[in-house]
Amino acid sequence: MLVTALALFVDVAAFGWDGKAGDGETKKERTVCHRKNETSLQEPRYEMIDDFLLDKYTGNVFYVYVLFSKAEKIMLNRESAGSDVVPDHEHVNYQLIVKRDVTDSYYLLNLVSGDMWYIRNVSSKKARLQYLSPVLGEVE
C-alpha cells in the first residue's frame, strides 16, 4: 500500500515558483512524474507498471508485494486461452496495459493472437489473470 500511496502522491502535479521576484510572484504548474499506461514494445524483457512485473516474452505477470521490510514476487495464475500463440520466446509477445480511471484496470495483451486477460483482485496476493473471451455484440 505504501508503494501505491507514493505513486498517487507522485502522480499529482506539483506547484512551484516561476522564479519571479517581488510582489509579482506567481505559481505555475509543472509535472513531477508521469505514470505509464502500458509497457513498451521494445526491450528489455522485463518491465514494471505499478505493482506488476511483466515478462514480455512469456506473458508471465508477477505481483510485487511489499509490507514493511518483507517483499514477495508472486506469479499470477493465468486462465488458459485456446489461441494464445507465442511464435518466438526471444522477442516481445505481450504488453501490460492500464486503463486509468476511478479504479485502475489492468489488462495483459498477446500481441500476436490478440488474446486478452483482465487482472482480478488487483491489490491482493490473490490477484489472477482472467481470460476475456470474444463476444459478438454492440458497445453501449
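Asks: Quick question: what am I supposed to make of the sheet that holds strand E8 (residues 94-99) here?
Replies: Think of a sheet as strands paired side by side through backbone hydrogen bonds, with each pair either parallel or antiparallel. Taking strand neighbours across the sheet as the criterion, the five strands line up as E7-E11-E10-E9-E8 in an open arrangement whose pairing is mixed. If you trace the sheet from one side to the other, it starts and ends with strand E7 (77-78) and E8, each paired once. Relative to strand E11 (residues 128-131), E7 is paired through two bridges, and the arrangement is parallel. The residue of E11 that forms the bridge with Asn 77 is Arg 128.

Asks: How should I be thinking about the pairing of E11 in this particular structure?
Replies: Consecutive side chains along a regular strand alternate between the two faces of the sheet. The alternating pattern of E11 places Leu 129 and Tyr 131 on a buried face and Arg 128 and Gln 130 on a face that is not buried. For strand E10 (residues 116-120) and E11, the ladder comprises four bridges, and the chain directions are antiparallel. Within E11, the position partnered with Tyr 118 by the bridge is Gln 130.

Asks: Hey, could you run me through the pattern of salt bridges in this one?
Replies: Note that side chains of opposite charge can pair when their charged atoms are close. Summed over all chains, the structure comprises seven salt bridges. Notably, a salt bridge pairs Arg 45 with Asp 55, separated by 2.9 Å at the nearest N-O pair. Linking Arg 45 in the loop between strand E2 (27-30) and strand E3 (46-49) with Asp 55 in strand E4 (residues 52-55), this pair joins segments that are ten residues apart in sequence. Given a relative accessible area of 30%, Arg 45 falls into the partly exposed group. The partner of Asp 101 in a salt bridge is Lys 99, and the shortest N-O contact between them spans 3.5 Å. Assessed through its relative accessible area of 40%, Asp 101 is described here as partly exposed. It is possible to trace a salt-bridge network through shared partners that takes in Lys 36, Glu 47 and Lys 56.

Asks: Looking at this structure, how should I read the nonpolar core?
Replies: Inside soluble globular proteins, nonpolar side chains tend to come together where they are buried. Core analysis: the largest hydrophobic core is formed by 17 residues, its most contacted members being Phe 52, Val 61, Leu 76, Leu 108, Trp 117, Ile 119 and Leu 129. Those elements that place two or more of their residues in this core are E4, strand E5 (61-67), E8, strand E9 (105-110), E10 and E11. Residue contributions to this core peak at three residues, all from E8. In this view, Leu 76 contacts Phe 52, Val 61, Phe 62, Tyr 63, Ile 119, Ala 127, Arg 128 and Leu 129; residues no more than four positions away in its chain are not counted.

Asks: Help me understand the side chain of Ser 105 in this model?
Replies: Among the structural elements, Ser 105 can be located in strand E9. By relative accessible area, Ser 105 is classed as buried at 11%. Other than its neighbours up to four places away in sequence, Ser 105 contacts Ile 97, Val 98, Lys 99 and Tyr 118.

Asks: Which parts of the structure should I look at to understand the pairing of E10?
Replies: What you see with E10 is a clean split: Trp 117 and Ile 119 sit on the buried side and Met 116, Tyr 118 and Arg 120 on the side with no burial. Across three bridges, the pairing between E9 and E10 is antiparallel. Among the inter-strand pairings, Tyr 107 is bridged to a residue of E10, identified as Tyr 118. The hairpin turn running from E9 into E10, its antiparallel successor, is five residues long, and Gly 114 in that turn takes a positive phi close to 85°.

Reading the values: the criteria
- Position labels on residues start from 1 in each chain and follow its written sequence.
- Where totals are concerned, whole chains, interfaces and linings use all residues; where local detail is concerned, this predicted model gives features only for residues with pLDDT of at least 70, and gives and counts side-chain atom pairs only at 80 or more.
- With hydrogens and water excluded, all non-hydrogen atoms of the structure serve as input to the side-chain values.
- Between any two strands, pairing holds if DSSP finds at least two bridges.
- Secondary structure is summarised from DSSP: a helix means a run of H or I of at least four residues, a strand means a run of E of at least two, and numbering begins at the N terminus for each.
- Relative accessibility under 20% of the residue-type maximum defines a buried residue, over 50% an exposed one, and the middle range a partly exposed one, all with a 1.4 Å probe and only protein chains included.
- Within this document, salt bridges are pairs made up of a side-chain nitrogen of Lys or Arg and a carboxyl oxygen of Asp or Glu, the two lying within 4 Å of each other.
- The term nonpolar core refers to a set of buried residues drawn from Ala, Val, Leu, Ile, Met, Phe, Trp, Tyr and Cys, joined through side-chain atoms within 4.5 Å.
- Residues count as neighbours in contact if any of their non-hydrogen atoms are within 4.5 Å of one another.

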